[in-house]
Amino acid sequence: MKAAVITFPGSNCDLDMYHALVDEFEIETEILPATVTDLSAYDAIFIPGGFSYGDYLRTGAIARFAPVMAAIKAADQQGKIIVGICNGFQILTEAGLLPGALQTNTQPGFICDVTGLKVVNTTSKFTNAFTKSINQFPIAHGEGNYYVDAATLATMQANQQILFTYTDNPNGSIADIAGVTNTNGNVFGMMPHPERAVDALLGNVDGRAFFSSIIASLVNQQEAIKA
């Protein structure tokens, strides 16, 4: 497995993601700037948190026009795994790769805390290794209030695109939604930070199952291709 972590001007969680992938899971990983136009060499693409382009206009609104986004969309067409965490989630919604939008928290202000997440679907590429139904993930955002209209919500529920929900909704997200996929199940976004919950030294390893799920999915995919 070879992974790419995309860094935009203003990204600040790229090294956290790199640490999780390289130091914790020994995945070959490169940090790439948002100016790259070819991601064909990578099996999984991670868009980390931060404040891309200073969050001007609104979160993710400028990043969606970065040169790398065309390559990310091409990777989506190939069915590759694409993950957006926090600002990365906002970027993926702005780019139309995930449904919905992230709005200002119901109670305005930046939240830096740990929140409970319920695993709603354990059969996805991103959740198949979870053994606990409730997990604790760090959050750090001011615009994490996820919104979709009623029709889109019904479609997402029918397609099992909602993977995580909050146990104590911190930001006002509709239906307590914390993490979702696209229809094909290869693109995922969430506001909480699994990469900050992988090291026992920090007292929380609940995020390890997230990365283990992705690795297991890629291994199964590669074995299926060989067969």
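Residues numbered from 1 in each chain as written. Predicted model: local features only at pLDDT ≥ 70, side-chain atom pairs only at ≥ 80, totals over all residues. Heavy atoms only, no water.

**Q** Run through the state of the cysteines, naming residues and quoting values.
**A** For the coordinates displayed, the defined rule picks out zero disulfides. Not engaged in a disulfide, the cysteine cysteine 112 finds its nearest cysteine sulfur in cysteine 86; these two sulfurs lie 10 Å apart. Residue classification places cysteine 112 among the exposed residues on the basis of a relative accessible area of 65%. (Disulfide = S-S within 2.5 Å. Buried < 20%, exposed > 50% of the residue type's maximum accessible area, 1.4 Å probe, protein only.)

**Q** Which residues make up a nonpolar patch on the surface, and what are the values?
**A** Judged by side-chain polarity, Leu15, Tyr18 and Ile31 come together as a nonpolar surface patch covering roughly 260 Å² of accessible area. Positionally, tyrosine 18 belongs in helix H1 (residues 14–24). (Patch = residues over 30% accessible without salt bridge, like charges linked within 9 Å, V, L, I, M, F, W, Y side chains within 5 Å. Areas by Shrake-Rupley, 256 points an atom, 1.4 Å probe, with all protein chains shown as cover. Salt bridge = Lys/Arg side-chain N within 4 Å of Asp/Glu carboxyl O. Helix = DSSP H or I, 4+ residues; strand = E, 2+ residues; numbered from the N terminus.)

**Q** Describe the pairing of strand S7 (residues 134–141), with residues and values.
**A** For S7, the tally of buried residues reaches six of eight residues, placing the bulk of the element in the interior. Judged from the eight bridges that link them, strand S6 (residues 111–119) and S7 form a sheet pairing that is antiparallel. Looking at S7, one finds that leucine 117 is bridged to asparagine 135. (Pairing = 2+ DSSP bridges.)

**Q** Quick one: what's the story with the UniProt feature "active site" (unreviewed entry) in the protein, residue by residue and with numbers?
**A** UniProt tags Cys86, His193 and Glu195 as "active site" (unreviewed entry). A maximum C-alpha distance of 11.0 Å is found for the annotated residues, which run over 110 residues; spatially they form one tight group. With respect to the helices and strands, the residue cysteine 86 is situated in the loop between strand S4 (81–85) and helix H3 (87–94). Look at cysteine 86 and you get buried, because its relative accessible area is 5%. If near-sequence neighbours (up to four positions away) are discounted, cysteine 86 is found in contact with Gly49, Ala140, His141, Met190, Met191 and His193. Residue placement: glutamate 195 occurs in the loop between strand S11 (187–190) and helix H5 (208–226). When near neighbours in sequence (up to four residues on either side) are disregarded, glutamate 195 contacts Cys13, Asp16, Met17, Ala20, Ile85 and Phe211. At a separation of 2.7 Å, a polar atom in the side chain of glutamate 195 contacts the side chain of histidine 193. (UniProt positions renumbered as here; feature names shortened; annotations may be inferred. Contact = heavy atoms within 4.5 Å. Polar contact = N/O pair within 3.5 Å; in protein donor to acceptor, adjacent residues only side chain to side chain.)

**Q** With reference to specific residues and values, describe the nonpolar core.
**A** Grouped burial of nonpolar side chains is what soluble globular proteins tend to show. Residues Phe8, Leu39, Phe46, Val68 and Ile72 are the most contacted members of the largest nonpolar core, which totals 64 residues. For phenylalanine 8, the residues in contact, after removing those within four places along its chain, are Ala34, Ile47, Ser52, Tyr53, Ala63, Ala66, Val68, Met69 and Ile91. (Core = buried A, V, L, I, M, F, W, Y, C linked by side-chain atoms within 4.5 Å.)

**Q** Just give me the short version of unusual backbone geometry, but keep the residues and values in it.
**A** Residue tyrosine 53 is not a glycine yet carries a positive backbone phi of 55°. Structurally, tyrosine 53 can be placed in the loop between strand S3 (44–47) and helix H2 (68–77). Using a relative accessible area of 25% as the deciding quantity, one classes tyrosine 53 as partly exposed. Backbone geometry at leucine 57 places phi at a positive 70°, although glycine is not the residue there. Its location among the elements puts leucine 57 in the loop between S3 and H2.

**Q** An account of the pattern of salt bridges is requested, with residue identities and associated values reported.
**A** In total, this model carries six salt bridges according to the counting rule given. Among the salt bridges present, the one from glutamate 28 reaches lysine 2, with a minimum N-O distance of 4.0 Å. Here glutamate 28, found in strand S2 (residues 28–33), pairs with lysine 2, found in strand S1 (residues 2–7); they are 26 residues apart in sequence, far enough to count as distant. Members of the salt-bridge network, linked through shared partners, are Lys2, Glu28 and Glu30.

**Q** Give me the lowdown on the environment of arginine 196, citing residues and values where you can.
**A** Considering the arrangement of structural elements, one finds arginine 196 in the loop between S11 and H5. Here arginine 196 falls in the partly exposed class, since its relative accessible area comes to 29%. Once the C-alpha coordinates of arginine 196 and tyrosine 42 are considered, the two residues, 154 residues apart in sequence, prove to be 23 Å apart. In this view, arginine 196 contacts Cys13, Asp16, Pro138 and Ala140; residues no more than four positions away in its chain are not counted. At 3.3 Å, the side chain of arginine 196 forms a polar contact with the side chain of aspartate 16.

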